[in-house]
Amino acid sequence: MSILDPVPELPASVDARQPSAARAYDYFLGGSHNFAADREFADQVLAIAPSIPAVTRLNRSFLRRAVRYCLDQGIRQFLDLGSGIPTVGNTHQVAESAGVTARVVYVDNEPVAYHHAQHVLAGSETTTIIQADMRDLPAVLDHPDTRRLLDFSQPVGLLVVGVLLYFEDPQPAELIRAYRQRLAPGSLIAVSTLTDEHASPALRSEMEMLRGAYEAAGEPVYPRDHAEILSWFDGLDLVDPGLVTLPEWHTEDPNELDDVARPLGYGAVARLP
Ligand SMILES: C[S@@+](CC[C@H](N)C(=O)[O-])C[C@H]1O[C@@H](n2cnc3c(N)ncnc32)[C@H](O)[C@@H]1O
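Bear in mind that the values here come from a model prediction, so they are computed numbers and not experimental data.

Trainee: Describe the packing of aromatic side chains, and please don't skip the residues or the numbers.
Mentor: Counting across every chain of the model gives four aromatic pairs. Both rings, one in Phe62 and one in Trp249, keep their centres 5.7 Å apart while their planes meet at 75°; by these two values the pair is edge-to-face. Residue Phe62 is located in helix α3 (residues 52–72), and its partner Trp249 is located in the loop between β7 (244–245) and β8 (265–271); the two are separated by 187 residues in the primary sequence. Here Phe62 and Trp249 have matching classes, each one buried. Ring-pair connections join several aromatic residues into one group, and the members of that group are Phe62, Tyr69 and Trp249.

In C-alpha cells, the structure reads:
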C-alpha cells in the first residue's frame, strides 16, 4: 500500500459529512485522504485565506529539517504527536532517506489518519500509530506499542508540529511540561505553531477569517505571539537559532524565506538539559 493510495474501507466511526481539519490539511498538501465535505470546507478556507496551503508546506518542510537535526544529534526514536494523515515526508521516511532506521510512534486522534497510517505501516516492526488524544498522557505513554518501541531512559525526539494551534491556553505549556517530565536528558522537542504577530494587515485579515471558518466547523485555532510560544520552552535549552519563522529554522531552501506565508508560522527545537 502506498501513502498515495486512497483510504480503503473506512471505520464506521468516520462521518464523511462532517469536515475535519486534519483531512483539510491533507487536501492543502495535495493528499487524497479527504472527502467532499472536507474539500468544500477547505475550498471555503482557500477563498478567504489563500496563504494557507503555503503555510502547511512550510510547516511540513520544518518538520523534515527538525527530524533530520534530531537524527544528526543521534536521536533514533521519535514520538510524533498529532502526526496527521500520512503524506510525503513522514518522520520514519525522513529517517529512511537519511539511511537510518528509527523507531517511530505516531499519535493522532483522527480516525482517517489512524486508519490510513495503520495500512501504510502494516508489517513495520519499527514504526506504528496509536489512536489517542495526545492530551491523555497515560493513553499515549502507557500504550503497549509506545512501551514496545520507545525506551524513555534514552533520548527521544518529541515532535509537536502543527498541532498546538488547536489547543486553548494554558494547554500547550502544560502539555510540553507534562511530556518533558517523562523524557531523558538530551531529548529534543520540536514545536511549530501558528502566529499572526508580524502578519501584514492583509494576512492578518485572512487569519481572522480563517479562525472564523475553523470555529464555525467546530475546530477553533489559536495563533500565538513569540513571547507566549517562547514561554512553553521554559527550562529547556533552545537550539540555535531559537524560535523563528519556519523557513528561518536551519534554512535549506532560501526561496522559502520569501514565501508570503512566512509570517504565519513559528518553529523551534529545544533540548532537555
Ligand atoms: C495540521 S495537522 C499536522 C500534521 C503533522 N504534525 C504536520 O505537521 O504535518 C494536525 C494533526 O493533529 C491531530 N490532532 C488534533 N488534535 C489532536 C489531539 N487532541 N490528539 C491527537 N491528535 C490531534 C489532527 O487530527 C491532525 O491530524
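Having seen the structure, we can now continue with the description.
Trainee: Give a detailed account of the pattern of salt bridges, specifying residues and quantitative values.
Mentor: Scanning all chains against the criterion turns up twelve salt bridges. Asp38 is the partner of Arg23 in a salt bridge, and the nearest nitrogen-oxygen pair spans 2.6 Å. Of this pair, Arg23 sits in helix α1 (residues 21–28) while Asp38 sits in helix α2 (residues 36–48); the two residues are 15 residues apart in sequence, bridging distant segments of the chain. Residue Arg23 is classed as buried on the basis of its relative accessible area, which comes to 3%. The shortest N-O distance in the salt bridge between Arg224 and Glu228 comes to 3.8 Å. According to the relative accessible area criterion, Glu228 is partly exposed, its value standing at 25%.

Trainee: Provide a residue-level description of the site of the ligand, including the pertinent values.
Mentor: Residues in contact with the ligand amount to 19 residues; listed here are only the nearest, Tyr25, Asn59, Arg60, Asp108 and Val161. Between the ligand and Gly82, the relevant distance is 2.8 Å, taken from a nitrogen atom to a main-chain nitrogen or oxygen of the residue. Side-chain polar atom of Asp108 to an oxygen atom of the ligand: 2.6 Å apart, as the coordinates give it. The fraction of the free accessible surface of the ligand (600 Å²) that becomes covered by protein chains is 94%. Every element with two or more residues in the shell around the ligand is listed here: α1 and α3. Looking at the shell around the ligand residue by residue, the class counts come to eight nonpolar, six polar and five charged.

The rules behind each value
- Within any chain, residue numbers begin from 1 and follow the written order of that chain's sequence.
- Under the rules for a predicted model, residues below a pLDDT of 70 receive no local features and side-chain atom pairs below 80 are neither given nor counted, while totals for whole chains, interfaces and linings still include all residues.
- The side-chain values count all of the structure's non-hydrogen atoms but skip hydrogen atoms and water molecules.
- Two rings belonging to Phe, Tyr or Trp (six-membered ring only in the last case) form a pair when the distance between their centres is within 6.5 Å. Interplanar angles under 30 degrees mark stacking, angles over 60 mark edge-to-face geometry, and anything in between is tilted.
- The numbering of helices and of strands both runs from the N terminus, where a helix is a DSSP run of H or I of at least 4 residues and a strand a run of E of at least 2.
- When a residue's accessible area, from a 1.4 Å probe over protein chains only, is under 20% of the maximum for its type it is buried; when over 50% it is exposed; and in between it is partly exposed.
- Just to be clear on terms, a salt bridge is a Lys or Arg side-chain nitrogen sitting within 4 Å of an Asp or Glu carboxyl oxygen.
- We call a residue near a molecule or strand as soon as one heavy atom of that residue lies within 4 Å of the molecule or strand.
- Nitrogen and oxygen atoms within 3.5 Å of one another constitute a polar contact, given that in protein one can donate a hydrogen and the other can accept it, and given that sequence-neighbouring residues count only through two side-chain atoms.
- A 1.4 Å probe and the Shrake-Rupley method give the accessible areas. Residues count as covered only by the protein chains that appear here.
- Just so you know the grouping, Ala, Val, Leu, Ile, Met, Phe, Trp, Tyr, Cys and Pro go in nonpolar, Asp, Glu, Lys and Arg go in charged, and all remaining residues, Gly too, go in polar.

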